[in-house]
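Remarks on the overall topology
These are the residues of each chain, in order.
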Amino acid sequence: MDACGVASSSSSSSSSNPKPPHVLAVDDSIVDRKIVENLLKNSACKVTTAENGMRALEFLGLVDEQEQQNNLNSNGTKVNLVITDYCMPGMTGYELLKKIKESSVMKEVPVVVVSSENIPTRINECLEEGAQMFMLKPLKPSDVKKLTGHLIN
């Protein structure tokens, strides 16, 4: 099993290798986006980045209800995991989390919220709204292993 929790098979019976898990990383800081992107790519994940919540919703097809069915993967969603910063201008990570969890198509996708601030009420609020995990920045390789091992099938 690799770092993303994908079992590798040596048998030739499968016609192709499983696609790498696709992660959407949302953060207004280009530095933090690059850190998360590099950590995930080093764990054999496909990564798409967005600089804010609206861009993430556009990518996920959640801006217009009719767009939701476009470009979905085999389990009915476009990504296997969303990692979002909490503090972003325009739309917070908490608001993005709520929009994702309100969507019939995306609600089963794990969402991880990250923040540089360790505020218990914020953490509880996100977990109660459906976040799979709340992690503190900066993310480390061990954090990514925990994420990919537990959350991506």
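The rules behind each value
- Residues numbered from 1 in each chain as written.
- Predicted model: local features only at pLDDT ≥ 70, side-chain atom pairs only at ≥ 80, totals over all residues.
- Heavy atoms only, no water.
- Phe/Tyr/Trp six-rings, centres within 6.5 Å; stacked < 30°, edge-to-face > 60°.
- Lys NZ or Arg CZ within 6 Å of the ring centre and 35° of its normal.
- Helix = DSSP H or I, 4+ residues; strand = E, 2+ residues; numbered from the N terminus.
- Contact = heavy atoms within 4.5 Å.
- Pairing = 2+ DSSP bridges.
- Axes fitted to C-alpha atoms, helices over the stretch in contact; angles between N-to-C directions.
- Salt bridge = Lys/Arg side-chain N within 4 Å of Asp/Glu carboxyl O.
- Buried < 20%, exposed > 50% of the residue type's maximum accessible area, 1.4 Å probe, protein only.
- pLDDT = per-residue confidence, 0-100.
- Arc of directions from axis to C-beta.
- Core = buried A, V, L, I, M, F, W, Y, C linked by side-chain atoms within 4.5 Å.

By the naming in an unreviewed UniProt entry, the chain goes by Response regulatory domain-containing protein and is assigned to Citrus sinensis.

The subject of this paragraph is the packing of aromatic side chains. For the coordinates displayed, the defined rule picks out zero aromatic pairs. If you follow Lys 78 out to its NZ or CZ, it ends over the ring of Phe 59, 4.3 Å from the centre.

Tracing the sequence through the fold places Lys 107 in the loop between helix 3 (93-102) and strand 4 (111-115). Along the backbone, Lys 107 and Leu 97 are ten residues apart, and their C-alpha atoms lie at a distance of 9.3 Å. With near-sequence residues (within four places) excluded, Lys 107 lies in contact with Ile 100 and Lys 101.

Time to look at the sheet that holds strand 2 (residues 46-50). Taken in spatial order, the five strands line up as 2-1-3-4-5 in an open sheet, and their pairing is parallel. What marks the edges here is a single partner per strand, and that holds for strand 2 and strand 5 (133-136). Strand-to-strand twist across the sheet, computed as the mean angle between neighbouring axes with direction ignored, equals 20°. Sheet topology places strand 4 next to strand 5; four bridges connect them, and they run parallel. Note on strand 5: the bridge partner recorded for Ser 115 is Leu 136.

Counted according to the given criterion, the structure contains nine salt bridges. One salt bridge connects Lys 137 with Asp 85, and the closest N-O pair in it is separated by 3.1 Å. Placement of the pair is Lys 137 in the loop between strand 5 and helix 5 (141-151) and Asp 85 in strand 3 (residues 81-85), with a sequence separation of 52 residues. The shortest N-O distance in the salt bridge between Arg 122 and Glu 117 comes to 2.6 Å. Judged by relative accessible area, which is 35%, Glu 117 ranks as partly exposed.

A few words now on the confidence of the model for the chain. When the pLDDT values of the chain are averaged, the result is 84; 77% of them are 70 or greater. In this model, residues 1-15 is a region of pLDDT below 50 whose contacts with residues beyond four sequence positions or in other chains number 18 contacts.

Every buried residue of helix 3 is accounted for by Gly 93, Tyr 94, Leu 96, Leu 97, Ile 100 and Lys 101. Each buried residue of helix 3 sits inside an arc of 160° when the element is viewed along its axis, so together they form one side. Buried residues in helix 3 make contact with strand 1 (22-26), helix 2 (53-60), strand 3, strand 4 and helix 4 (120-128).

Take unusual backbone geometry next. Cis geometry is adopted by the peptide bond preceding Pro 138, which originates at Lys 137 and carries an omega value of -5°. With phi around 65°, Ala 44 is a residue other than glycine that occupies positive phi space. Considering the arrangement of structural elements, one finds Ala 44 in the loop between helix 1 (30-42) and strand 2.

Before going further, it helps to examine the nonpolar core. Within the largest apolar cluster, 25 residues are counted, with the highest numbers of intra-cluster contacts made by Leu 24, Val 26, Val 82, Ile 100, Met 106 and Cys 126. Going through the elements one at a time, strand 1, helix 2, helix 3, strand 4 and helix 4 are the ones with two or more residues in this core. Looking at this core element by element, the count peaks at four residues for helix 3. The residues touching Leu 24, leaving out its near neighbours within four places in the chain, are Thr 48, Thr 49, Ala 50, Ala 56, Phe 59, Leu 60, Val 79, Leu 81, Val 82 and Ile 83.

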